[in-house]
Structures are given as C-alpha cells and as structure tokens.
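# Descriptive analysis of the structure
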Amino acid sequence: VVGITAGSGIVSTPTSGNYTISQVLEQRAITTATQASTVVTATNITGLGLPILAGKKYQFEAWLPYSSAALTTGIALAHTAVTGNTWHTVSAQSTTTATQERRFLNNSLLFVSTATAATTGSVAYMEGRIEPTANTTFQLQFATEVTGSAITLQPGCILIIREVF
C-alpha cells in the first residue's frame, strides 16, 4: 500500500521483496480565466508556474486550449529560462489542420505556429524534461505571432510537473 503524506504531495516508498515503489511528486496548475496577448513578446501565463529544485529531474506536460482572432494568427509558446538542461517538444493543432511540431534542447526559444485553420477549438501541447542546476520557478509563457492580433488562452490550461528518478 502506498500512502500519501497529508499536504506534502510526497508518496511514501515502502519496499517489498525485490522491488521498491518509486516516489512520485506531482504538481499541477490549472487556469480558471481567459488570458489574451496581442504582442509578439512572450509573457508569463498567469497561474502556470511551478517551483523546481536544483539537482532533481522532472518531466512536464502542458495542455493549452486557445482561440485566435484571425486565421492568419498563430500562437507562440515558451518557458522562462532554466539553469541546467531542458528538452522539450511543442505542438499546436487546430480543429481542421495537421499538427505543427518543434523540438528544443536547452533553450526557452519561442515555438511559433504560423496560422490556424479555425479561430476557435485549437490546442497547444508541450512536454519535456527538466534537470535544473538552480532552484527556480518553471513558468510557461505565450504570445501572438502577429502584432495586434489576439491569441486568447481559454480557462482550463494545465501544467503538470512530475519529479522522476
């Protein structure tokens, strides 16, 4: 039986026979309101930042439903810089187009989808691994691809970070 320490989010690690049940520390952040951007400079997504600790290894995933002011306006996504290593894949898909996808190593450069085939019903997805060498907050960011044309994140954007061993 695996127990959870109340309030800590840390799962106990009992041993039995020839195996040990690994610890899993999972943090989640979920937005409750829309957030819009009409600028091409990435800004923090309110509520989608979680603390990470030096010397730990993490996996993260984010699900970001969004709408676009125009078919020619795509979403730009990034995260704050992390001292250490990061590997991640970012993809964006609207309801009627194929997924656009990019992979990054050790940077927080913007991923930019060039357009969308529908102004509503689009989703961006990010996943990756983080190995920080300094304590920090892992913060997701977004922007529009076209100055003055809004990208609006919908309520229910999710960031999940799991400590892995």
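Below: a short report on this structure.

Conventions adopted
- Residues numbered from 1 in each chain as written.
- Predicted model: local features only at pLDDT ≥ 70, side-chain atom pairs only at ≥ 80, totals over all residues.
- Heavy atoms only, no water.
- Phe/Tyr/Trp six-rings, centres within 6.5 Å; stacked < 30°, edge-to-face > 60°.
- Helix = DSSP H or I, 4+ residues; strand = E, 2+ residues; numbered from the N terminus.
- Buried < 20%, exposed > 50% of the residue type's maximum accessible area, 1.4 Å probe, protein only.
- Polar contact = N/O pair within 3.5 Å; in protein donor to acceptor, adjacent residues only side chain to side chain.
- Contact = heavy atoms within 4.5 Å.

### What to know about the packing of aromatic side chains
Applying the stated rule across the entire model yields 1 aromatic pair. Consider the rings of Phe60 and Phe138, whose centres lie 4.7 Å apart with planes at 50°: the pair is tilted. Remark: Phe138 occurs in strand β12 (residues 136-144) and Phe60 occurs in strand β6 (residues 57-68); sequence separation between them is 78 residues. Of the two residues examined, Phe60 and Phe138, each falls in the buried class.

### Topic: the environment of Lys56
When you line up the elements, Lys56 lands in the loop between β5 (43-52) and β6. The partly exposed category is assigned to Lys56, whose relative accessible area is 33%. Residues Lys56 and Asn135 lie 79 residues apart in sequence; the distance between their C-alpha atoms is 9.5 Å. Of the polar contacts made by the side chain of Lys56, one reaches the side chain of Glu163; its length is 3.5 Å.

### What to know about the side chain of Thr144
Within the secondary structure layout, Thr144 lies in strand β12. Judged by its relative accessible area of 1%, Thr144 falls in the buried class. Within polar-contact distance, the side chain of Thr144 engages the backbone nitrogen of Val146 at 3.3 Å. Contact partners of Thr144, with chain neighbours within four places excluded, come to Ser37, Thr38, Val39, Val40, Thr73, Gly74, Ala76, Ser149 and Ile151.

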